[in-house]
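Chain by chain, the residues run as shown.
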Amino acid sequence: MLRLVGKRLLPQTLAPQSTASPALAARRYHERVVDHYNNPRNVGSFDKDDPTVGTGLVGAPACGDVMKLQIKVDEQSGKIVDACFKTFGCGSAIASSSVATEWVKGKQMEEVLSIKNTEIAKHLSLPPVKLHCSMLAEDAIKAAVKDYELKKAKNGSSEASSPKVAEA
């Protein structure tokens, strides 16, 4: 019913894609954005108190997007063994989060810090008005790594300062 009403009320220039003007066709999301939005990878969360988990929570007040990206690190190798995210925001923010989690898995901590928002934006073919979404993803990666390193340093210093019991 809504489709029928919509077809009568909307002008022909806003008709379905097959009859859309070239100007409107340029505004559509790239198929990768649509794929990651419809089938997001690695949605979920880890226990934030786990010492092997780093959590990055970032937001963009201008648009209301909030992104939480978490990494799980193998302490021996320093590799990110798993990643997940939860994002409240537009399709581009969700797609950027999904891509970020895919890209960080299996990489060293130092390696993921080199992931730039421009690479994510290029991969998803984000329009200029949506570049802030890829910036959030980059910031979330950096925040998650920083959180993990802070936990590691805190746990290392607390273990070093705790008294050792001599065995008899």
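Residues numbered from 1 in each chain as written. Predicted model: local features only at pLDDT ≥ 70, side-chain atom pairs only at ≥ 80, totals over all residues. Heavy atoms only, no water.

Engineer: So, the sheet that holds strand S3 (residues 80–88): which residues are in play, and what are the values?
Structural biologist: Within the open sheet, the three strands sit side by side as S1-S2-S3. Their pairing is antiparallel. Each having just a single partner strand, strand S1 (53–60) and S3 make up the two edges of the open sheet. Strand-to-strand twist in this sheet, taken as the mean axis angle between neighbours without regard to direction, amounts to 15 degrees. Sheet topology places strand S2 (residues 65–73) next to S3; eight bridges connect them, and they run antiparallel. By the bridge assignment for S3, Leu-69 is matched with Phe-85. Against the sheet, helix H4 (residues 91–104) makes contact with S2 and S3, and its axis sits at roughly 175 degrees relative to S3, the strand it touches most. (Pairing = 2+ DSSP bridges. Helix = DSSP H or I, 4+ residues; strand = E, 2+ residues; numbered from the N terminus. Axes fitted to C-alpha atoms, helices over the stretch in contact; angles between N-to-C directions. Contact = heavy atoms within 4.5 Å.)

Engineer: Before we move on, can you summarise the packing of aromatic side chains with the specific residues and values?
Structural biologist: The geometry of two aromatic rings is summed up by the distance between their centres and the angle between their planes. Overall, the coordinates contain zero aromatic pairs when judged by the stated rule. The ring of Phe-46 has Lys-72 sitting right over it, with the charged end atom 5.3 Å from the ring centre. (Phe/Tyr/Trp six-rings, centres within 6.5 Å; stacked < 30°, edge-to-face > 60°. Lys NZ or Arg CZ within 6 Å of the ring centre and 35° of its normal.)

Engineer: A description of the confidence of the model for the protein should follow, citing residues and the corresponding values.
Structural biologist: Detailed conclusions should not be drawn from predicted coordinates in areas where pLDDT is low. When the pLDDT values of the protein are averaged, the result is 82; 77% of them are 70 or greater. Every residue in residues 1–25 is under pLDDT 50, and counting partners more than four places away or in other chains gives six contacts. Throughout residues 160–168 the model reports pLDDT below 50, and contacts reaching past four residues in sequence, or to other chains, amount to zero contacts. (pLDDT = per-residue confidence, 0-100.)

Engineer: Could you give an account of unusual backbone geometry, naming the residues involved and the relevant values?
Structural biologist: In the Ramachandran plot, Asn-42 falls in the positive-phi region, its phi being about 65 degrees despite a non-glycine side chain. For Ser-125, which is not glycine, the phi torsion reads 55 degrees and is therefore positive. Taking relative accessible area as the criterion, Ser-125 reaches 39% and is therefore assigned partly exposed. (Buried < 20%, exposed > 50% of the residue type's maximum accessible area, 1.4 Å probe, protein only.)

Engineer: Lay out a nonpolar patch on the surface in plain terms, naming residues and giving numbers.
Structural biologist: On the surface, Leu-57, Val-66 and Phe-88 cluster together into a nonpolar patch covering about 340 Å² of accessible area. Tracing the chain through its elements places Leu-57 in strand S1. (Patch = residues over 30% accessible without salt bridge, like charges linked within 9 Å, V, L, I, M, F, W, Y side chains within 5 Å. Areas by Shrake-Rupley, 256 points an atom, 1.4 Å probe, with all protein chains shown as cover. Salt bridge = Lys/Arg side-chain N within 4 Å of Asp/Glu carboxyl O.)

Engineer: Before we move on, can you summarise the pairing of S1 with the specific residues and values?
Structural biologist: Of all eight residues making up S1, six are buried, and the element is well covered by its neighbours. One ladder, built from eight bridges, connects S1 with S2; its direction is antiparallel. Residue Val-58 lies in a different strand from S2, and its bridge partner there is Met-67.

Engineer: Just give me the short version of the packing of H4 against helix H6 (residues 117–124), but keep the residues and values in it.
Structural biologist: Axis separation between H4 and H6 bottoms out at 10 Å; the angle between their running directions is 115 degrees. In terms of orientation, H4 and H6 fall into the roughly perpendicular class. Every pair of crossing elements has a handedness; the one defined by H4 and H6 is right-handed. Residue-level contacts link Ala-95, Ser-96, Val-99 and Trp-103 of H4 to Glu-119, Ile-120, His-123 and Leu-124 of H6. Here the contact of H4 with H6 is composed, by residue class, of five nonpolar, two polar and one charged. (Parallel < 35°, antiparallel > 145°, perpendicular 65-115°, else oblique. Left-handed = near helix turned anticlockwise from the far one by under 90°. Nonpolar A, V, L, I, M, F, W, Y, C, P; charged D, E, K, R; others polar.)

Engineer: Please set out the nonpolar core residue by residue, giving values where relevant.
Structural biologist: Counting 27 residues, the largest nonpolar core has Ile-71 and Val-104 as its most contacted members. For this core, the elements supplying multiple residues, two or more each, are S1, S2, S3, H4, helix H5 (109–112), H6 and helix H7 (131–161). Here the element with the most residues in this core is H7; it accounts for seven residues. Not counting chain neighbours up to four residues away, the residues in contact with Val-104 comprise Ile-71, Ile-80, Ala-83, Val-112, Ile-115 and Ile-141. (Core = buried A, V, L, I, M, F, W, Y, C linked by side-chain atoms within 4.5 Å.)

Engineer: Outline the environment of Cys-133, supporting the account with residue identities and numerical values.
Structural biologist: Relative to the assigned elements, Cys-133 resides in helix H7. Between the C-alpha atom of Cys-133 and that of Val-66, which follows or precedes it by 67 residues, the distance is 9.6 Å. The contact partners of Cys-133, leaving out residues within four places of it in the chain, are Asp-65, Met-67, Cys-90, Ser-92, Ala-93 and Ser-96.

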